[in-house]
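Residue-level structure breakdown
Spelled out from the first residue to the last, the chains are:
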Amino acid sequence: MKARIKKVLSFLGLVLFTVLVAGACQSTSESDQSLEADQASTESISQSTNDSDQVLRVVTTSERYTPFFDKFTEETGIPVEFLSMSSGEVLSRMEAEQGEPMADLWFGGGLDAFISAKDKGLLEQYQSEAVETLPEAYRDPDGYWLSKGLTVGGLLVNDQVLEELGLEKPTTWEDLTKPEYKDEIIMSDPAVSGTMYAIVKGLLDQKGESDGWAYWQAVDANIPFYGKRGKDPEEKTAAGEFAIGIVPIDASSFETAEKNGLSAIYPTDGIPWVPEGVAIFKGAANADAAKSFIDFMLKPENLSELSKLDGKDTAQTVNPDEVEALDLGLETNDLIEQDLSTFGSARDQILEKWAEMTKGKESK
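Just so you know, the residues in each chain are numbered from 1, in the order the chain's sequence is written. The model is predicted, so local features are restricted to residues of pLDDT at least 70 and side-chain atom pairs to those at 80 or more, both for listing and for counting; the totals for chains, interfaces and linings are taken over all residues. Excluded from the side-chain calculations are hydrogens and water; all other atoms, namely the structure's heavy atoms, are used.

Description of the overall build of the protein chain
Only runs of H or I of at least four residues qualify as helices and only runs of E of at least two qualify as strands under DSSP, and these elements are numbered from the N terminus. Secondary structure summary: the protein chain contains 12 helices and 10 strands in total. A simple rule labels every residue: compare its accessible area, found with a 1.4 Å probe on the protein chains alone, to the largest value its type can have, and call it buried under 20%, exposed over 50%, or partly exposed in between. In the protein chain, which comprises 364 residues, the share counted as buried stands at 47%. Taking the intrachain contacts of the protein chain between residues at least 6 apart in sequence as the baseline, contacts between residues at least 24 apart amount to 73%. A contact between two residues is defined here by any heavy atoms of the two lying within 4.5 Å.

As structure tokens, this is what we get:
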């Protein structure tokens, strides 16, 4: 009897032990799962913080600025992500997305788009303490944009193509109206390229409304189609597809000319120009990082480095007293007198008239 009781107690003890062990294992498993969930949640929050608070997202016109932003990252610890887009494309996308910011900082591009974006309430106001070093012509009085330099318009000519056609090299804007250049001139659509819009607007300012549009109509007769990208005229002229490209002139233009047997030309009847804008998008997730970048950019030593990356010469620099830049032979006196106050307000009207004038010549 006693033996049976001992066996029963032993069996009950074994059952109880098994239950306790199983419970402990389940508790440990649940604890481990809870810990893993907490760790995953923490990692997710950390990743989210890195994505939204510590990355400066920049819309820019060129990858050439990568070393400049790398320096900013080294000094601040803020990584940078890029989106390449022309100023016209930026403005169109901002309008289409009803002001939803695609990035934090807008870096480079024709001023017309920046002024238009300001008028439509798409930019964030910021007045850096260092902005007063820039002349008033190169910064918005209300602090919505500032300029990092000037872009000027000129010509890139394929000498070999001209020689094969038996044509003289153009030296002025007026030369582009000559009938012998028919189908030999390429420029980008000014609705896409801020620089092309600046050239159109600059020559309209120089010649006056009536004569200016008559001029562009004569030039249009020599252009078979308009490029979709700002780089199209340079690339297609270098490839021999056209004899003459209307382009922004900078150090890269002279380098392209030297490598491909071309000529980079400042027309002798005046140089159209436009400040290149920098601005913070309205509602930017990382507006503080964008403000830090503007402060960084405006240091004289950084503007000097930026001007070299841009390939701008001394006469084009927005802070000539403190910034050393390149010398590409451009004289300040050659710059056309332009009305910057109407760069943004006149944009839609000019582009609408341009589209009507060039109707049937789809961009390629």
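From this point, the narrative continues.
Looking at the packing of helix α2 (residues 66–76) against helix α10 (residues 287–297)
A packed helix pair is summarised by two numbers, namely the angle formed by the two axes and the spacing between the axes. Throughout, an axis means a line fitted to C-alpha atoms (over the contacting stretch in the case of helices), and angles, computed between N-to-C directions, take values from 0 to 180 degrees. α10 packs onto α2 with a crossing angle of 110 degrees between their chain directions and a minimal axis gap of 11 Å. Comparing their axes, α10 and α2 come out roughly perpendicular. Taking contact as the criterion, the partners of F68, F69, K71, F72 and E75 in α2 are, on α10, A289, S292, F293, F296 and M297. Basically, the charged four are Asp, Glu, Lys and Arg, the nonpolar ten are Ala, Val, Leu, Ile, Met, Phe, Trp, Tyr, Cys and Pro, and anything else, Gly included, counts as polar. Split by residue class, the contact of α2 with α10 holds seven nonpolar, one polar and two charged. An angle below 35 degrees is read as roughly parallel, one above 145 as roughly antiparallel, one from 65 to 115 as roughly perpendicular, and any other as oblique.

Remarks on unusual backbone geometry
Of note in the backbone geometry, D183 takes a positive phi value of approximately 65 degrees without being a glycine. Relative to the helices and strands, D183 is located in the loop between α5 (159–165) and β6 (185–188). By relative accessible area, which is 38% here, D183 ends up partly exposed.

Re the confidence of the model for the protein chain
Confidence of the predictor at the level of single residues is given by pLDDT, which spans 0 to 100. Residues at a pLDDT of 70 or more form 81% of the protein chain, whose mean pLDDT is 82. Considering only residues more than four positions removed or in separate chains, one finds that residues 1–52, a stretch of pLDDT under 50, has six contacts.

Regarding the environment of L203
Along the chain, L203 falls in helix α6 (residues 194–207). With relative accessibility at 0%, the residue L203 sits in the buried group. Residues contacting L203, with those up to four places away along its chain left out, are W173, Y215, W216 and I336.

A few points about the packing of aromatic side chains
For Phe, Tyr and Trp, where Trp contributes only its six-membered ring, two rings pair if their centres lie within 6.5 Å, and the inter-plane angle classes them as stacked under 30 degrees, edge-to-face over 60, or tilted in between. Tallied over the full model, the rule gives 19 aromatic pairs. Pairing F68 with F69 gives two aromatic rings, centres 6.4 Å apart and planes at 90 degrees, and the pair type is edge-to-face. Judged by relative accessible area, F69 falls into the buried class, the value being 1%. Ring centres of F69 and F293 lie 4.6 Å apart, and the angle between their planes is 10 degrees; on these two criteria the pair is classed as stacked. Note that F69 is positioned in helix α2 and F293 in helix α10, a separation of 224 residues in sequence. Assigned by exposure class, F69 and F293 land together as buried. Each residue in the set Y65, F68, F69, F72, F82, F107, F293 and F296 is aromatic and connected to the rest through ring pairs, giving one cluster. In this scheme, Lys NZ or Arg CZ marks a charge over a ring once it lies within 6 Å of the ring centre and within 35 degrees of the ring normal. For the cation-ring pair, K207 lies above Y215, with the distance from its terminal atom to the ring centre recorded as 4.7 Å. R347 extends its terminal NZ or CZ atom over the ring of Y197, reaching a point 5.9 Å from the ring centre.

A few points about helix α9 (residues 251–260)
Listing the buried residues of α9 in full gives A251, S253, T256 and A257. Looking at the packing, one finds that the buried side of α9 touches β5 (146–158), α8 (232–238), β8 (244–249) and β9 (262–265).

So, the pairing of strand β2 (residues 80–84)
In the sheet, strand β1 (residues 56–60) pairs with β2 via five bridges, with the strands oriented parallel. In the strand pairing of β2, V58 is matched with F82. Traced from β1 through α2 to β2, the parallel crossover comes out right-handed. For two strands to pair, DSSP has to find at least two bridges joining them. The path from the first strand over the helix to the second decides the hand: if it runs clockwise while the strands point away from the viewer, the crossover is right-handed.

Examining the pattern of salt bridges
When a carboxyl oxygen of Asp or Glu lies within 4 Å of a side-chain nitrogen of Lys or Arg, that pair is called a salt bridge. Applying the stated rule across the entire model yields 19 salt bridges. Measuring nitrogen to oxygen at the nearest pair gives 4.0 Å for the salt bridge that ties K353 to E209. With K353 in helix α12 (residues 347–357) and E209 in helix α7 (residues 209–220), this residue pair connects regions lying 144 residues apart in the sequence. In this structure K353 comes out as partly exposed when scored by relative accessible area, which is 41%. Here E234 makes a salt bridge to K231, at a shortest N to O gap of 3.3 Å. The buried category is assigned to E234, whose relative accessible area is 13%. What emerges from the salt-bridge pattern is a single network uniting K118, D140 and D142.

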